Amino acid sequence: MTTHTRYTGLIEHYRDRLPVSDSTRIISLGEGNTPLIELHNIPRLIGKDVKIYVKYEGLNPTGSFKDRGMSMAVTKAVEEGSQAIICASTGNTSAAAAAYAVRAGIRAFVLIPEGKIAQGKLAQTLMYGAEIIQIRGNFDEGMSLVKQVADHAPVTIVNSINPYRLEGQKTAAFEIVDELGEAPDYHCLPVGNAGNITAYWNGYSEYAKETNGIPAVSSKVPVMCGYQAAGAAPFTAGKMIDNPETVATAIRIGHPQSWDLAWNVQKQSKGWFDSFADEKILAAQKMLSAYEGIFCEPASATSLAGAINDIATGKIPEGSTIVCTLTGNGLKDPDTAIQQCKDAHPVSIDASLDAVKKAILDNM
Ligand code: AN7
């Protein structure tokens, strides 16, 4: 006899570890349960004996890890009677907020830096019908305005300063341990506001100890490695940055909202922060596509850029098991991808068998 279980999102799946009750109306689009893919070619290419897995969060319903947090945050906003949510965003949070607001039947207001969010994210947010407020300023300025306006208008903030966001996002760590049977040795993430690195740490920590009578699932926690773009690297600078710049627009953030929490993660996990030039980040993005068939957005590849660097220097030793989170889908930012491949010249030919045959045989 076969039994069928339908996956209906991370809140249902991990409900005994999340702040919901039997009467909570769950707002879900089937987020979570994303692939943990072992890299086969890149470890060989770099000539090191390491196991690298990527957690491909680009396969969430709106194409990024934000859906985990948004499912939880919107569920709680609705439970508390909120009619509208608001966020500042470099693009992915706005797409997720917009989608989950539609699902819940409430309004979404999103503040985005004009001209600085990737096309795919803008397209999504428009399609979901959010109220888009473009500001002539950056994410940090938008975030500051969102915090101020929430005192003057009946809106629930769904940026990662909303603690339910981190509750939802911690489930990614649960999934990894559930699949591997143990926590990895190292976990590498791109860092913007540092909400996600905090959420993963919370998830790993929770799984490593008995919680509400549920026995521990793992016997250890990973070392947490947070990587930033060099032009937007407050953690490596040790102070806030006023004019962050990077091609990885998702992490074009100079005033991280989870500053203290992330430093705590670094200390407790004995981890570190580092930063990389845009060229290194783009090279890692291209490497994932060209050698593994995995397309992530530029910001996401920062995790792999960092891991490769730390493996090369030996900071991450051979024999380690490493997980890199790929936070967003490559389709989010087609412009940067096409720009990266501007030297690839697709041939144009007549629509004839002879011409196609020649195009193939000339390239074998
Ligand atoms: C693809 O959408 O802040 O360190 O407003 O979209 O938890 O902030 C996005 C952040 C990494 C950084 N990768 O995560 C937003 C926003 C991608 C992202 C991050 C973001 P945090």
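## Focus: the nonpolar core
Stage number 1. Within the largest apolar cluster, 34 residues are counted, with the highest numbers of intra-cluster contacts made by Leu288, Leu304 and Ile322.
Stage number 2. Where this core is concerned, the elements lending two or more residues are strand 2 (51-56), strand 7 (186-190), strand 8 (223-229), strand 9 (272-276), helix 12 (278-292), helix 13 (298-313) and strand 10 (321-326).
Stage number 3. For this core, the element with the most residues is helix 13, which contributes seven residues.
Stage number 4. Among all residues touching isoleucine 322, those that are not within four sequence positions of it are Val50, Lys51, Ile52, Tyr53, Tyr186, Cys188, Ala307, Ile311 and Ile316.
Stage number 5. Core analysis: the second largest hydrophobic core is formed by 29 residues, Val20, Ala172, Ala183 and Ala194 among them.

## Looking at the packing of aromatic side chains
Think of a pair of aromatic rings as described by two things: how far the centres are apart, and how the planes are tilted against each other in angle.
Stage number 1. Summed over the entire model, instances satisfying the criterion amount to ten aromatic pairs.
Stage number 2. Aromatic side chains phenylalanine 235 and tryptophan 259 sit 4.7 Å apart centroid to centroid with 20 degrees between the ring planes, which places their arrangement in the stacked category. Separated by 24 residues along the polypeptide, phenylalanine 235 in helix 10 (residues 234-237) and tryptophan 259 in helix 11 (residues 259-269) bring together distant segments of the chain.
Stage number 3. Of the residues examined, phenylalanine 235 reaches a relative accessible area of 2% and is grouped as buried.

## Things to note about helix 8 (residues 171-180)
Stage number 1. For helix 8, the tally of buried residues reaches seven of ten residues, placing the bulk of the element in the interior.
Stage number 2. Of the residues making up helix 8, those classed as buried are Thr171, Ala172, Ala173, Phe174, Glu175, Ile176 and Val177.
Stage number 3. Positive backbone phi, at 85 degrees, marks glycine 181, one or two positions downstream of helix 8.

Calculation notes
Residues numbered from 1 in each chain as written. Predicted model: local features only at pLDDT ≥ 70, side-chain atom pairs only at ≥ 80, totals over all residues. Heavy atoms only, no water. Core = buried A, V, L, I, M, F, W, Y, C linked by side-chain atoms within 4.5 Å. Buried < 20%, exposed > 50% of the residue type's maximum accessible area, 1.4 Å probe, protein only. Helix = DSSP H or I, 4+ residues; strand = E, 2+ residues; numbered from the N terminus. Contact = heavy atoms within 4.5 Å. Phe/Tyr/Trp six-rings, centres within 6.5 Å; stacked < 30°, edge-to-face > 60°.

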